[in-house]
Amino acid sequence: MLNNDDSPILFEKDENIALITFNRPEQLNSFNTEMRDLLYELMKVIRDDSTIEAVVFSGRGRGFCAGADLTEFGTDPTIIEKRRIRLRHDVWALMTNLDIPLAVALHGFAVGSGLEIAMLCDFRFATKDTVLSLPEAKIGMVPAAGGTQSLPRLMKQGDALNFALTGKRITAEEGYRKHLITEIVAEDRLQTYTIDYMKRLVHVN
C-alpha cells in the first residue's frame with residue numbers, strides 16, 4: 001500500500017473500502033502527470049482486487065483538488081504524443097468502468113480536473129463551503145477529463161451550459177440544489193461519514 005507521506009497519492013484499505021487520498025497539500029492537490037500515472041496504476045490494482053467493494057477519494061490539506069498543475073503547462077509533449085499517452089493510460093475510462101461504487105469527500109476546492117474527477121464518482125459528499133468550478137472556458141480551453149460529458153448527466157442542460165461556459169464558481173450548497181452534490185456534510189465528519197456511507201451501501205448489496 002502507498003502510505004509514504006512523500007507520495008502524491010496515498011492508498012490504503014479500510015475493511016473492504018479502498019481509500020485514495022491526494023497528497024500535495026502545499027499545491028492544493030493540483031493534479032500533475034505523476035498523479036495521473038499513479039492513479040492509473042491504482043485503478044488497475046482496485047479493478048483486480050476482488051476484496052475491494054467500493055472506493056473513497058479525498059484530499060489532504062485545504063482542499064480536495066484545485067485542478068491541473070499549471071506549472072506543467074508548456075512542458076507537454078506534442079498533440080500526437082499526448083493522444084498516445086492518453087490512450088495508453090486512460091485513467092478516466094478505468095474509473096468509469098469499475099464494477100464497484102465510487103465516492104468522493106470534497107472540501108475547500110474542487111476545481112477543474114478536481115471537479116471532473118468528482119463527477120466521475122457515483123456519490124459526491126461535500127462541506128458547505130466547498131468551491132466548485134470548471135474554469136477552463138475562461139482561458140479558451142475545455143475540460144479534459146470528461147467534464148463535458150459528466151456535467152449534463154448530473155445537472156439540467158441549461159444549468160450545465162451556464163456553469164461550464166462561464167467558468168463561474170458555485171458553493172456546494174448551490175451544487176446540491178442543482179444535483180451536482182449528493183449531500184452536504186459537516187467538515188469534522190466528512191471523511192468518516194463518506195467511508196461509513198460506502199460501507200453501509202456495499203453491505204446492503
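Look above for the structure.
Residues numbered from 1 in each chain as written. Predicted model: local features only at pLDDT ≥ 70, side-chain atom pairs only at ≥ 80, totals over all residues. Heavy atoms only, no water.

1. Observations concerning the nonpolar core
We count it as follows: To qualify as a nonpolar core, a set must consist of buried Ala, Val, Leu, Ile, Met, Phe, Trp, Tyr and Cys residues joined through side-chain atoms within 4.5 Å. Three exposure classes are used, based on accessible area relative to the maximum for each residue type with a 1.4 Å probe and protein chains only: buried under 20%, partly exposed in between, and exposed over 50%. Helix and strand definitions follow DSSP, with helices as H or I runs of at least four residues and strands as E runs of at least two, each counted in order from the N terminus. For this analysis, residues touch if any pair of their heavy atoms sits within 4.5 Å.
I20, F22, M43, I46 and F57 are the most contacted members of the largest nonpolar core, which totals 44 residues. Where this core is concerned, the elements lending two or more residues are β1 (9-14), β2 (17-22), α1 (33-48), β3 (54-59), α3 (91-97), β4 (102-106), α4 (113-119) and α6 (157-166). If one sorts the elements of this core by residue count, α1 sits on top with six residues. Setting aside its immediate chain neighbours within four residues, I20 contacts I9, L10, F11, L39, M43, I46, V55, V56, F57 and S58.

2. Concerning the pairing of β4
This is how the line gets drawn: Strands are labelled as partners when DSSP assigns at least two bridges between them.
Most of β4 sits inside the fold, with five of its five residues counted as buried. With burial as the criterion, each face of β4 is covered, one bearing L102, V104 and L106 and the other bearing A103 and A105. In this structure, β3 lies alongside β4, joined through three bridges in parallel fashion. Looking at the pairing, V56 lines up with A103 of β4. Bridge count for β4 against strand β6 (residues 123-126) is four bridges, and the pairing is parallel.

3. Observations concerning the side chain of N29
Rule in force here: What qualifies as a polar contact is a pair of N or O atoms within 3.5 Å, subject to a donor-acceptor requirement within protein and to the restriction that residues adjacent in sequence count only when both atoms come from side chains.
Topologically, N29 is positioned in the loop between β2 and α1. From its side chain, N29 meets the backbone oxygen of G63 in a polar contact 2.8 Å long. Once residues lying within four places of it in the same chain are set aside, the contact partners of N29 are F22, N23, R24, M35, G59, R60, G63, F64, C65 and A66.

4. Concerning the sheet that holds strand β5 (residues 109-111)
Filter applied, for reference: To define axes, lines are fitted to C-alpha atoms, for helices over the stretch in contact only, and angles between the resulting N-to-C directions are given on a 0 to 180 degree scale.
With respect to topology, three strands assemble into an open sheet ordered β5-β7-β8, the strand pairing being mixed. Two strands lie at the open edges of the sheet, namely β5 and β8 (169-171), each paired on one side alone. Sheet twist, expressed as the average angle between the axes of neighbouring strands with direction ignored, equals 20 degrees. Two strands pair when backbone bridges link them, and strand β7 (residues 131-133) and β8 are joined in this way by three bridges, in the antiparallel orientation. Paired with V131 across the two strands is T171, which belongs to β8.

5. With respect to the packing of aromatic side chains
What counts is decided by this rule: In summary, the pairing rule links any two rings of Phe, Tyr or Trp, Trp by its six-membered ring, whose centres are within 6.5 Å, and it sorts them by plane angle into stacked for under 30 degrees, edge-to-face for over 60 and tilted for everything else.
All told, the structure shown has eight aromatic pairs when counted by the stated rule. Plain terms: the ring middles of F125 and Y193 are 5.7 Å apart, the flat faces sit at 70 degrees to each other, and that makes the pair edge-to-face. Of this pair, F125 sits in strand β6 while Y193 sits in helix α8 (residues 190-204), and the two are 68 residues apart along the sequence. When its relative accessible area of 17% is taken as the criterion, Y193 is described as buried. Through a chain of ring-to-ring contacts, three or more aromatic side chains come together here, namely F22, F31, F57, F64 and W92.

6. Description of the environment of A103
With respect to the helices and strands, the residue A103 is situated in strand β4. When near neighbours in sequence (up to four residues on either side) are disregarded, A103 contacts V55, V56, F57, C121, F123, F125, T194 and M198.

7. Concerning the pattern of salt bridges
Test applied: Put simply, a salt bridge is a Lys or Arg side-chain nitrogen that is within 4 Å of an Asp or Glu carboxyl oxygen.
Using the criterion set out here, one finds eight salt bridges in the structure. The shortest N-O distance in the salt bridge between K199 and D14 comes to 2.9 Å. Of this pair, K199 sits in helix α8 while D14 sits in strand β1, and the two are 185 residues apart along the sequence. We classify K199 as buried; its relative accessible area is 13%. Exposure remark for D14: the relative accessible area of 24% places this residue in the partly exposed category. The shortest N-O distance in the salt bridge between K44 and E41 comes to 3.4 Å. Of this pair, K44 and E41 both sit in helix α1, three residues apart, roughly one helical turn. The partly exposed category is assigned to K44, whose relative accessible area is 25%. A residue is classified by how much of its surface remains accessible, and E41, at 35% relative accessible area, is partly exposed.

Treat this as a map of the structure, not an account of what it does.
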